[in-house]
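Chain by chain, the residues:
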Amino acid sequence: MTTIHVDIVSAEREIYSGLVDMVFAPAELGEVGIGSHHAPFISKMRPGEVRLKVNSHEELPFFVSGGILEVQPHVVTVLADTAVRAHDIDEAAALEAKHSAEEALADRSGKIDYAKAQAELAQAMQQLRLLEKYRRK
Amino acid sequence: MAAGKEIRNQIASVKNTQKITRAMEMVAASKMRKTKDRMTATRPYAQKAAQIIRHIAHANSEYQHPFMQARELRRVGVILISSDRGLCGGLNSNLFRLALARLRDWEHQGVEVDLCVVGQKAAAFFAQIGARIIGQTTHLGDTPHLEDLIGVIKLMTDNYEQGNIDALYLLSNVFVNTMTQRPTLEKMLPIKAEELDAGMKHHWDYIYEPDAKEVLDEMLQRYVEALVYQGAVENVACEQAARMVAMKSASDNAGTAIKELQLIYNKTRQAAITQELAEIIAGAAAV
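Residues numbered from 1 in each chain as written. Chains lettered and ligands numbered in written order. Predicted model: local features only at pLDDT ≥ 70, side-chain atom pairs only at ≥ 80, totals over all residues. Heavy atoms only, no water.

Okay, the overall build of chain A next. On a plain count of helices and strands, chain A comes out with 2 helices and 9 strands. Along chain A, helices and strands appear, N-terminal first, in the series β-β-β-β-β-β-β-β-β-α-α. For chain A, with 137 residues in total, the buried portion stands at 43%. Long-range pairs, those at least 24 residues apart, make up 46% of the contacts in chain A between residues at least 6 apart in sequence. (Helix = DSSP H or I, 4+ residues; strand = E, 2+ residues; numbered from the N terminus. Buried < 20%, exposed > 50% of the residue type's maximum accessible area, 1.4 Å probe, protein only. Contact = heavy atoms within 4.5 Å.)

This is the structure in structure tokens:
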């Protein structure tokens, strides 16, 4: 039986990488089974189980709470979510990021005071140079 | 012996400082190991996401996602990742210097810049110099979570979709090795198919499920998130490495300072003894 390479990765770490006989994944429109030489395919995934069939009888299950499934003829890539994500959560996070910036920035002129910036940086660099000099002494 | 006591106090205070810097050095060293491991662990996701993007860019889809269409540059968005805390050598200063150089370039070209800052240091610095900060997130800690970054990312990608910005950049430190961290500006959007080589020449397209727009929306959003997340994790590793090196040199400096002070102290003490002896002998001779 021909095998297909599969990579399952989450944002935090690599979960699985290797050759398997077949991949079963919870695609958006229902579970799909993918073997070698499958046509290019890309889909969102629902929360569920990704199962890998190895050594023709063993099955390895991995839980995903969503993600993307990409299929190329010889390689399957699963970008798995480990955390539950919802649209409104993203929206709320965006608003919060904006809010905290507005709070921190009373003066929103948008004009960068380059002279001031340069002075500040120069000061920092000067301190570093001083340290460097002291070190060499 | 007034001078002697003063020098002794000074030596004691330098020694105390050295204790602190040495402790910070060791803490940073152990944290660096952990953050470096985390950085390596998150790499596959970013790489795989980039690989899929390369494939997508080469697929002949009838649907063109806005993230892949180049527009005339009038306003750019920059997500800038810095550390929350200082005492890490020139890490943040070097990053800000690169940022300023680029901001100035853009200003000369008549391109406006919207900033999203991650980390206390960048927030403070860019607020003070009056840059246009439209979003910020701070206190990510040593283990940045994607959830903490989603806000700024969403803000920027929404802006891009609405046409408020025409390009999106990521500015952060890249971990070269323990001694070297390089500030780097990376263009995230728009994604240019010509710049990516997937090694596929023939015409083909995906089977999309449920449809091209929905999948690509999700995938491209994910790609940007992966890049920013990777940047944040890498920046933490950079911060710890830079702090370790800075604290090591501080400890070494304290050592030199102590040696010098000790020398001065011994000299003055010897001088005082010699003088006392001379006085006694002179007194004895006079009797």
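Next, the rest of the story.
Buried together is how nonpolar side chains tend to be arranged in soluble globular proteins. Formed by 65 residues in total, the largest nonpolar core has its most connected members in Ile 79, Met 188 and Val 228 of chain B. Going through the elements one at a time, α1 (87-104) of chain A together with α1 (2-58), β1 (75-81), β2 (112-118), α4 (146-161), β4 (167-175), β5 (181-189) and α5 (212-286) of chain B are the ones with two or more residues in this core. Ranked by residue count, the leading element in this core is α5 of chain B, at 18 residues. Those residues in contact with Ile 79 of chain B that sit more than four places away from it in its chain are Cys 116, Val 118, Val 152, Ile 153, Met 156, Leu 168, Tyr 169, Leu 170, Leu 171, Met 188 and Val 228 of chain B. Tyr 114 of chain A together with Leu 103, Val 111 and Ala 167 of chain B belong to the second-largest nonpolar core, a separate cluster that totals 27 residues. (Core = buried A, V, L, I, M, F, W, Y, C linked by side-chain atoms within 4.5 Å.)

What follows concerns the packing of aromatic side chains. Considering all chains together, one arrives at 7 aromatic pairs over all chains under this definition. Taken together, a centroid distance of 5.4 Å and an interplanar angle of 80 degrees make the contact between Phe 67 of chain B and Tyr 160 of chain B edge-to-face. Placement of the pair is Phe 67 of chain B in the loop between α1 and β1 and Tyr 160 of chain B in helix α4, with a sequence separation of 93 residues. On the basis of relative accessible area, Phe 67 of chain B is assigned to the buried category, the value being 1%. You can call Tyr 160 of chain B buried: its relative accessible area is 0%. Geometrically, the ring pair formed by Phe 96 of chain B and Phe 126 of chain B is edge-to-face, given 5.3 Å between the ring centres and 80 degrees between the ring planes. Of this pair, Phe 96 of chain B sits in helix α2 (residues 91-108) while Phe 126 of chain B sits in helix α3 (residues 120-128), and the two are 30 residues apart along the sequence. With a relative accessible area of 5%, Phe 96 of chain B lands in the buried category. Three or more aromatic residues joined by ring pairs make a cluster, and in this case those are Phe 96, Phe 125 and Phe 126 of chain B. One cation-aromatic arrangement involves Arg 51 of chain A over Phe 24 of chain A; the distance from NZ or CZ to the ring centre is 4.8 Å. Over the ring of Trp 106 of chain B we find Arg 102 of chain B; its NZ or CZ atom is 4.9 Å from the centre of that ring. (Phe/Tyr/Trp six-rings, centres within 6.5 Å; stacked < 30°, edge-to-face > 60°. Lys NZ or Arg CZ within 6 Å of the ring centre and 35° of its normal.)

All names here are of chain B. Among the surface-exposed residues, Ile 273, Leu 277, Ile 280 and Ile 281 lie close enough to one another that they form a single nonpolar patch of about 390 Å² accessible area. Counting through the fold element by element, Ile 281 comes out in helix α5. Take Ile 281: its relative accessible area is 56%, and that puts it in the exposed class. (Patch = residues over 30% accessible without salt bridge, like charges linked within 9 Å, V, L, I, M, F, W, Y side chains within 5 Å. Areas by Shrake-Rupley, 256 points an atom, 1.4 Å probe, with all protein chains shown as cover. Salt bridge = Lys/Arg side-chain N within 4 Å of Asp/Glu carboxyl O.)

Residue and element names in this part refer to chain B. Judged by pairing direction, the sheet is mixed, and its 5 strands sit side by side in the order β3-β2-β1-β4-β5 without closing on themselves. Edge positions in the sheet fall to β3 (133-137) and β5, since each of these pairs with one other strand and no more. When strand polarity is set aside, the average angle formed by the axes of neighbouring strands in this sheet is 20 degrees. Relative to β5, β4 runs antiparallel, the two sharing 8 bridges. The residue bridging Asn 173 from the neighbouring strand is Pro 183, located in β5. Helix-sheet contacts for α4 involve β1, β2, β3, β4 and β5, and the interaxial angle to β3 is about 160 degrees. With respect to the sheet, α5 is in contact with β1, β4 and β5, its orientation differing from that of β4 by roughly 30 degrees. (Pairing = 2+ DSSP bridges. Axes fitted to C-alpha atoms, helices over the stretch in contact; angles between N-to-C directions.)

Contacts between chain A and chain B engage 57 residues on the former and 58 residues on the latter. Summed over both sides, the interface of chain A with chain B buries roughly 5,200 Å², with 63% coming from carbon and sulfur. Applying the counting criterion to the chain A and chain B interface returns 3 salt bridges. Between Glu 214 of chain B and Lys 44 of chain A there is a salt bridge whose closest N-O contact spans 3.4 Å. Linking chain A to chain B there are 12 residue pairs in polar contact (both at pLDDT 80 or more). Listing elements by their share of the side of chain A that touches chain B, those giving two or more residues are β1 (4-10), β5 (41-45), β8 (67-72), β9 (75-80), α1 and α2 (114-136) of chain A. (Buried area = accessible area lost by both parts, 1.4 Å probe. Polar contact = N/O pair within 3.5 Å; in protein donor to acceptor, adjacent residues only side chain to side chain.)

This part is about the pairing of strand β2 (residues 14-20) of chain A. Residues and elements named next belong to chain A. Where β1 lies against β2, 6 bridges are found, and the strand directions are antiparallel. Bridge assignment links Asp 7 to a residue of β2, and that residue is Ser 17. Turn length for the β1-β2 hairpin, with the two strands adjacent in sequence and antiparallel, is 3 residues.

Next up on the list: the pairing of β2 of chain B. If a strand is regular, its side chains alternate between the two faces of the sheet. Residue and element names in this part refer to chain B. For β2, a buried count of 6 out of 7 residues is recorded, marking the element as mostly surrounded by other parts of the structure. In terms of strand pairing, β1 meets β2 through 7 bridges, oriented parallel. Looking across to β2, one finds that Arg 75 is bridged to Glu 112. Each parallel crossover has a hand, and the one from β1 via α2 to β2 is right-handed. Handedness of the crossover joining β2 and β3 through α3: right-handed. (Right-handed = clockwise from strand over helix to strand, strands pointing away.)

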